[in-house]
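Listed here are the chains, written in short residue letters.
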Amino acid sequence: MDKSKRKVVIAGNWKMNMTPSEAEAAVRETAELVEGKNGCDVILCVPFVDIDAAIKAAKGTNVKIGAQNVHFEAKGAYTGEISAAMLLECGVEYVIIGHSERRQYFGETDETVNKRTIAALNAGLKVILCLGEVLEQRQSGITSEIVAMQTKLDLAGVTAEQMKNVIIAYEPVWAIGTGLTATPEQADEVCGIIRKTIADLYSNDTADSTVIQYGGSMNDGNAAELLSKVNVDGGLIGGASLVPAKFSKIVDAAQ
Ligand code: PEP
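Here the structure is a predicted model, which is why all the values come from computation and not from measurement.

Reading guide: rules and limits
Residues numbered from 1 in each chain as written. Predicted model: local features only at pLDDT ≥ 70, side-chain atom pairs only at ≥ 80, totals over all residues. Heavy atoms only, no water. Helix = DSSP H or I, 4+ residues; strand = E, 2+ residues; numbered from the N terminus. Rg over C-alpha atoms; globule rule 2.2 N^0.38 Å. Buried < 20%, exposed > 50% of the residue type's maximum accessible area, 1.4 Å probe, protein only. Contact = heavy atoms within 4.5 Å. Areas by Shrake-Rupley, 256 points an atom, 1.4 Å probe, with all protein chains shown as cover. Lys, Arg positive; Asp, Glu negative; His and termini not counted. Charge placed at Lys NZ, Arg CZ, Asp CG, Glu CD. Near = heavy atom within 4 Å. Polar contact = N/O pair within 3.5 Å; in protein donor to acceptor, adjacent residues only side chain to side chain. Nonpolar A, V, L, I, M, F, W, Y, C, P; charged D, E, K, R; others polar. Pairing = 2+ DSSP bridges. Axes fitted to C-alpha atoms, helices over the stretch in contact; angles between N-to-C directions. Salt bridge = Lys/Arg side-chain N within 4 Å of Asp/Glu carboxyl O. Right-handed = clockwise from strand over helix to strand, strands pointing away. Parallel < 35°, antiparallel > 145°, perpendicular 65-115°, else oblique. Left-handed = near helix turned anticlockwise from the far one by under 90°.

A. Representation of the overall build of the protein chain. In terms of regular secondary structure, the protein chain is built from eleven helices and eight strands. In summary, the protein chain has a C-alpha radius of gyration of 17 Å against a globular reference of 18 Å for 255 residues, a match within 12%. Split into buried and exposed, the 255 residues of the protein chain put 52% on the buried side. Looking at the protein chain alone, contacts between residues at least 24 apart form 74% of all its contacts between residues at least 6 apart. On the protein chain, roughly 11,100 Å² of surface is accessible, and the fraction owed to carbon and sulfur atoms is 53%. Separation of charge centres in the protein chain, based on 24 positive and 33 negative side chains, amounts to 3 Å.

Structure (structure tokens):
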């Protein structure tokens, strides 16, 4: 596997944290701390209402701004939802789709994740597609089957050309927000299974060039070892992304 074909991408997922004024300050502080650290791409995925403030604060810096979800319809009677065109017009470049909290608490299925992914890509957004097994699935020894199935279902209908705009985030659900982290070996193994599935679906070339992140309690203490693994091309970071000093240390580890 040729890791040099891929960029390292460090993305923060703020979840439901930060008011617009807090977001503006946190983006500014993060941008100052990661200035000139061009060895990886840096993205902050913020709540919808923070997007405007975050984009203004990130202007001219190497921090890119993403959203945390997008609806699959272009417009209409979908109260509370946000379309891809709305995000794009606000200046958003990336969107997280299929986060386990959306799957767990808001009824997202592989079918709706797939529909959102297709809509986002067709509109011109870049997608951070989250998938991963729950604890019972890992304990039953079916992790590889689960992530391979999710990869196939979530990417159904996505073309090889569109895969250039897809980042996969492997996020074992048992490691998200729990303080439990997959070992670097576990993360590497499952990211490798996802990469092999992409090779089967598309080609070795597409698999070699797809960025696959690990997410699940990544922090400034464990990032370097996780990122050293051949199949781990970055991180999707929740809790630690809320503290610029901690997040920037993860960016340092990715240089
Ligand atoms: C996440 O929200 O995607 C995540 C990985 O959270 P945490 O880093 O807090 O586990």
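B. Quick look at the site of the ligand. Near the ligand you find 14 residues, and of these Lys15, Glu171, Gly177, Ser217 and Gly238 are the closest. His99 places a side-chain nitrogen or oxygen 2.9 Å from an oxygen atom of the ligand. In this structure, an oxygen atom belonging to the ligand sits 2.7 Å away from a main-chain N or O atom of Gly177. If the ligand stood free it would expose 290 Å²; the protein chains cover 95% of that surface. Partitioning the shell around the ligand into residue classes produces four nonpolar, eight polar and two charged.

C. A look at the sheet that holds strand β8 (residues 234–237). Spatial ordering of the closed barrel is given by β1-β2-β3-β4-β5-β6-β7-β8, a layout of eight strands whose pairing is parallel. Sheet twist, expressed as the average angle between the axes of neighbouring strands with direction ignored, equals 25°. Sheet strands in contact with helix α11 (residues 244–253) are β1 (9–13), β2 (41–45) and β8, and its direction is about 160° off that of β1.

D. The arrangement of the pairing of strand β7 (residues 211–215) in detail. The buried count for β7 comes to five of five residues, which makes it a mostly enclosed element. Across the two faces of β7 the burial is the same, with Val211, Gln213 and Gly215 and Ile212 and Tyr214 all buried. As paired strands, strand β6 (residues 166–170) and β7 are joined by four bridges and run parallel to one another. When the bridges of β7 are listed, Ala169 appears paired with Gln213.

E. Region of the structure containing the pattern of salt bridges. Applying the stated criterion across every chain, the model contains 19 salt bridges. Its salt-bridge partner being Lys164, residue Glu161 comes within 2.8 Å of it at the nearest N-O pair. Connected through salt bridges with shared partners, the residues Lys5, Asp205 and Asp208 form a single ionic network.

F. Quick look at unusual backbone geometry. A positive phi is found at Lys15, a non-glycine position, where the angle reads about 55°. Checked against the element boundaries, Lys15 lands in the loop between β1 and α1 (20–34).

G. Just the pairing of β2, in detail. Counting buried positions along β2 yields five of five residues, so the element is predominantly enclosed. Neither face of β2 is left uncovered, since the one carrying Asp41, Ile43 and Cys45 and the one carrying Val42 and Leu44 both have all their residues buried. Where β1 and β2 come together, five bridges link them in parallel fashion. Paired with Ile10 across the bridge in β2 is Val42. Regarding topology, α1 serves as the crossover connection from β1 to the parallel β2, and that connection is right-handed. Both β2 and strand β3 (residues 63–67) contribute to a ladder of four bridges, which runs parallel.

H. The arrangement of the packing of helix α5 (residues 110–123) against helix α7 (residues 143–154) in detail. The N-to-C vectors of α5 and α7 enclose an angle of 45°; their axes lie 8 Å apart at closest approach. Taken together, the axes of α5 and α7 lie oblique to each other. Together, Asp110, Val113, Asn114 and Thr117 of α5 and Gln150, Leu153 and Asp154 of α7 make up the contact between the two elements.

I. Expanded view of the environment of Arg6. In this fold, Arg6 is placed in the segment before β1. For Arg6 and Gln68, which are 62 residues apart along the polypeptide, the C-alpha to C-alpha distance reads 23 Å. If sequence neighbours within four positions are ignored, Arg6 has contacts with Arg195, Ala207, Asp208, Ser209, Thr210, Val211, Val230, Asn231 and Asp233.

J. Highlighting the packing of α1 against helix α2 (residues 51–58). Contact geometry for α1 and α2: axes closest at 8 Å, N-to-C directions at 25°. Of the possible angle classes, the one that applies to α1 and α2 is roughly parallel. Crossing of α1 against α2: the hand is right-handed. Between α1 and α2, the residues in contact are Pro20, Glu24, Val27 and Arg28 and Ala53, Ala54, Ala57 and Ala58, respectively. Of the residues contributing to the contact of α1 with α2, the split by class is six nonpolar, no polar and two charged.

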